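Structural characterization, general
The lines below spell out each chain.
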Amino acid sequence: MPIIRRRRRKDGRTNSRRLEDARTTDFERKALEDDRISDAEFAEMESAFTTCMRERNVTFRGFRPGGGYEFRPGRGTTTAEANGIADECSASSGLDTVGSLYFLMKRNPQNLDEDAIMAACLVRKKAVPPTYSAADVARDTLGQTYPFSDKTRGEKALEECSHDPLGLLDKQTR
């Protein structure tokens, strides 16, 4: 799941330029208008996603705490077709917008600076030097040039930190 950066507006509320630009349905516009996704709005999106997948012969196995998910193509559906179906259902159900904001709120509920929490997480996991900073993350993310002393361990830490930089999700049910 991509990290979505929210910006702070002059009125102090937060939102995401990308999410604002991407919302296309009445459901998405209504769900995103207050920059918060309720459990009921998430459930509506999840139901639409599940139905879309099922109607197209793909079994959806539910969301993991960070927003990732698994699915299985049905008989007569190839993996490539199932991937395309998942992309289409993700867009049409609101997962790309409503779901993304929901999971972002779960992994960073206080809307802390993404680069700062990523740097702290990578340092905490000992994947980068203790002096590694938010500015370093901003620089290294562009070219994927992180200074991992152990590439395998560093890539694992990067994946874990991307999904749950504050270590909150294992404490939540979704």
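The structure this text deals with has already been given above.
Before going into details, it helps to say that this report is about the structure given with it. Just so it is clear, the structure is predicted and the values come from calculations on it, not from any experiment.

1. Observations concerning helix α7 (residues 134–143)
Among the residues of α7, those classed as buried are Asp-136, Val-137 and Asp-140. The buried residues of α7 occupy an angular sector of 95 degrees when the element is viewed end-on, so they sit on one face. Within α7, the exposed residues directed more than 90 degrees away from the buried face are Ala-135, Arg-139 and Leu-142. Packing partners of the buried residues in α7 comprise α6 (114–124). Note on α7: the residue one or two positions beyond its end, Gln-144, has a positive phi of about 50 degrees.

2. Brief notes about helix α4 (residues 79–93)
With 15 residues, α4 should cover 21 Å at 1.5 Å per step; its first-to-last C-alpha distance of 20 Å lies within 8% of that length. Structurally, α4 contributes buried residues whose contacts are with α2 (26–32), α3 (39–55), β3 (58–63), β4 (69–73) and α5 (95–107). Directly beyond the C-terminal end of α4, a positive phi value near 100 degrees is found at Gly-94.

3. Considerations on the state of the cysteines
Under the criterion given, the structure shown has two disulfides. Disulfide pairing places Cys-52 opposite Cys-89 at an S-S distance of 2.0 Å. Disulfide Cys-52-Cys-89: torsion about the S-S bond near -75 degrees, hence left-handed. Of the two residues, Cys-52 is situated in helix α3 and Cys-89 in helix α4; the sequence distance between them amounts to 37 residues. Here Cys-52 matches Cys-89 in class, with each residue buried.

4. With respect to the packing of α3 against α4
Contact geometry of α3 with α4 gives a least axis separation of 9 Å together with a crossing angle of 145 degrees. Handedness of the crossing formed by α3 with α4: right-handed. Residues Met-45, Ala-48, Phe-49, Cys-52 and Met-53 of α3 pack against Ile-85, Ala-86, Cys-89, Ser-90, Ser-92 and Ser-93 of α4. A class-by-class count of the residues in the contact of α3 with α4 yields eight nonpolar, three polar and no charged.

5. With respect to unusual backbone geometry
Phi at Asn-111 is positive, roughly 55 degrees, even though this residue is not glycine. Take Asn-111: it is sitting in the loop between α5 and α6. Residues other than glycine seldom take positive phi values, yet Lys-126 does so here, at roughly 60 degrees. Within the element layout of this structure, Lys-126 appears in the loop between α6 and α7.

Procedures and definitions
Residues numbered from 1 in each chain as written. Predicted model: local features only at pLDDT ≥ 70, side-chain atom pairs only at ≥ 80, totals over all residues. Heavy atoms only, no water. Buried < 20%, exposed > 50% of the residue type's maximum accessible area, 1.4 Å probe, protein only. Helix = DSSP H or I, 4+ residues; strand = E, 2+ residues; numbered from the N terminus. Arc of directions from axis to C-beta. Contact = heavy atoms within 4.5 Å. Expected span 1.5 Å × (residues − 1). Disulfide = S-S within 2.5 Å. Axes fitted to C-alpha atoms, helices over the stretch in contact; angles between N-to-C directions. Left-handed = near helix turned anticlockwise from the far one by under 90°. Nonpolar A, V, L, I, M, F, W, Y, C, P; charged D, E, K, R; others polar.

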